[in-house]
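Chain and residue survey
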Amino acid sequence: MDIIQSRQMRGRVADAPSGHWVYRLLPRAAWPYAQLARWDRPIGWKLLLWPCWWSLAMAASAGAEPGAPLRTVLPSPWLLLLFLVGAIAMRGAGCTYNDLVDHDIDEKVERTRSRPLPSGQVSRRQAWAFLVAQALVGLLVLLQFNAFAVLVGLGSLAVVAVYPFAKRFTDWPQFFLGLAFSWGALMGWAVEFGSLSLAPFLLYCGSILWVIGYDTIYAHQDKEDDAIVGVRSTARLFGENTKSWLVALYGGALLFFAVAFALAAVPMPALAGLVAAGVHMARQIRVLDIENPDQCLALFKSNSTVGWLIFLGLLGGGGWAALSPYF
């Protein structure tokens, strides 16, 4: 699907990949809804999911004793699946809400004017109905957890509600995105223990810094259009100093993660994942060209690799605790 969507023709959104399964498998009538939920751009739900899975894995391996049964030091597959479904549903609901709030701005930005609302492919009433449907799926997932985790999950709604407006009143909308996208760092621990402690809060803080970093890279794609329409961002704020800021943000994130792991007493091999993630982050900073929108998008997407490295490190730490007596 190479046709870019407009008021005259239905097609793909400008920054969605050509040939995506959404356009090959779904009927044309469903395309605008898939676009509202960003099913054609899955990187968003992946980045929303990683703090959830990190938190689950950190909670599962917390204080793991050598020789512990393997199933007790690894996250539950059922909980991983629930968070996966919840991340897809709530990211879709959040994006739909964001598009409703930003309807007027999206019409003025080249990359976003092909989205379903500014291109006239769906009405605002239809978008609101789709938002509610996705939110109900997310609520169904949330209700599978303990009462404390349900309350923690509901607490995220306030941050989600504010985020789309942040770029209108602050140069740090990426901070508000970090507050929302990192909430899973609290959720996994709350689901496992029915309470919170300092370790998940530090994981949350580290994730916020990580989100600010990768979304700053993403925002460099739109900085010229943003300046024209008056949208604020850390990309515009940092400008030519972006690399220095990324060093501080990514470095701070890794420090928070390491201290969180130490407080949770996860097995030491989990730190290998942080080291590997740090190498990947350093490469992002080294090669970044803030004047190359295609490269900025590619580097932004590569942060899913950071998620995998940290998650696999935590799984490896739990696995090492269980199997180390046999070596």
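Everything that follows concerns the structure shown earlier in this document.
Let us look at the structure shown here. (Residues numbered from 1 in each chain as written. Predicted model: local features only at pLDDT ≥ 70, side-chain atom pairs only at ≥ 80, totals over all residues. Heavy atoms only, no water.)

Let's talk about the packing of aromatic side chains
The relation between two aromatic rings is expressed through the spacing of the ring centres and the mutual angle of the planes. Per the stated rule, a full pass over the model turns up 22 aromatic pairs. Ring centres of Trp50 and Trp53 lie 5.7 Å apart, and the angle between their planes is 85 degrees; on these two criteria the pair is classed as edge-to-face. In this pair, Trp50 and Trp53 both sit in helix H3 (residues 43-61), 3 residues apart, roughly one turn of the helix. Here the two residues Trp50 and Trp53 agree in accessibility, since each one is buried. Seen in terms of ring centroids, Tyr218 and Phe300 are 4.6 Å apart; in terms of plane orientation they differ by 50 degrees. Their pairing is tilted. With a gap of 82 residues between them, Tyr218 in helix H10 (residues 198-219) and Phe300 in helix H15 (residues 293-301) connect regions that are remote in the sequence. Taken together through their ring pairs, the aromatic side chains of Trp54, Trp210, Tyr214, Tyr218, Phe257 and Phe300 make up a single cluster. Looking at Lys167, its charged tip hangs above the ring of Tyr163, at a distance of 5.8 Å from the centre. (Phe/Tyr/Trp six-rings, centres within 6.5 Å; stacked < 30°, edge-to-face > 60°. Helix = DSSP H or I, 4+ residues; strand = E, 2+ residues; numbered from the N terminus. Buried < 20%, exposed > 50% of the residue type's maximum accessible area, 1.4 Å probe, protein only. Lys NZ or Arg CZ within 6 Å of the ring centre and 35° of its normal.)

Some words on helix H13 (residues 242-264)
When the terminal C-alpha atoms of H13 are compared, their 33 Å separation across 23 residues agrees well with the 33 Å that a helix rising 1.5 Å per residue should span. Of all the positions in H13, only Thr242, Leu246, Leu249, Tyr250, Gly252, Ala253, Leu254, Phe257, Ala260, Phe261 and Ala264 are classed as buried. If you follow the buried residues of H13, they end up packed against H3, helix H9 (184-193), H10, helix H12 (234-238), helix H14 (271-287) and helix H16 (303-323). (Expected span 1.5 Å × (residues − 1). Contact = heavy atoms within 4.5 Å.)

Quick word on the environment of Ala166
Positionally, Ala166 belongs in helix H7 (residues 147-169). Its relative accessible area of 0% is what places Ala166 among the buried residues. Here Ala166 is in contact with Pro173 and Phe176, once residues within four sequence places are set aside.

What to know about the pattern of salt bridges
According to the stated counting rule, one finds 9 salt bridges in the structure shown. Salt-bridge contacts for Arg41 lead to Asp40; the nearest nitrogen and oxygen are separated by 3.5 Å. Assigned by exposure class, Arg41 and Asp40 land together as buried. Where Lys223 meets Glu291, a salt bridge forms, and the shortest distance between an N and an O atom there is 4.0 Å. Of this pair, Lys223 sits in helix H11 (residues 223-229) while Glu291 sits in the loop between H14 and H15, and the two are 68 residues apart along the sequence. (Salt bridge = Lys/Arg side-chain N within 4 Å of Asp/Glu carboxyl O.)

So yeah, pure geometry; function would need other evidence.
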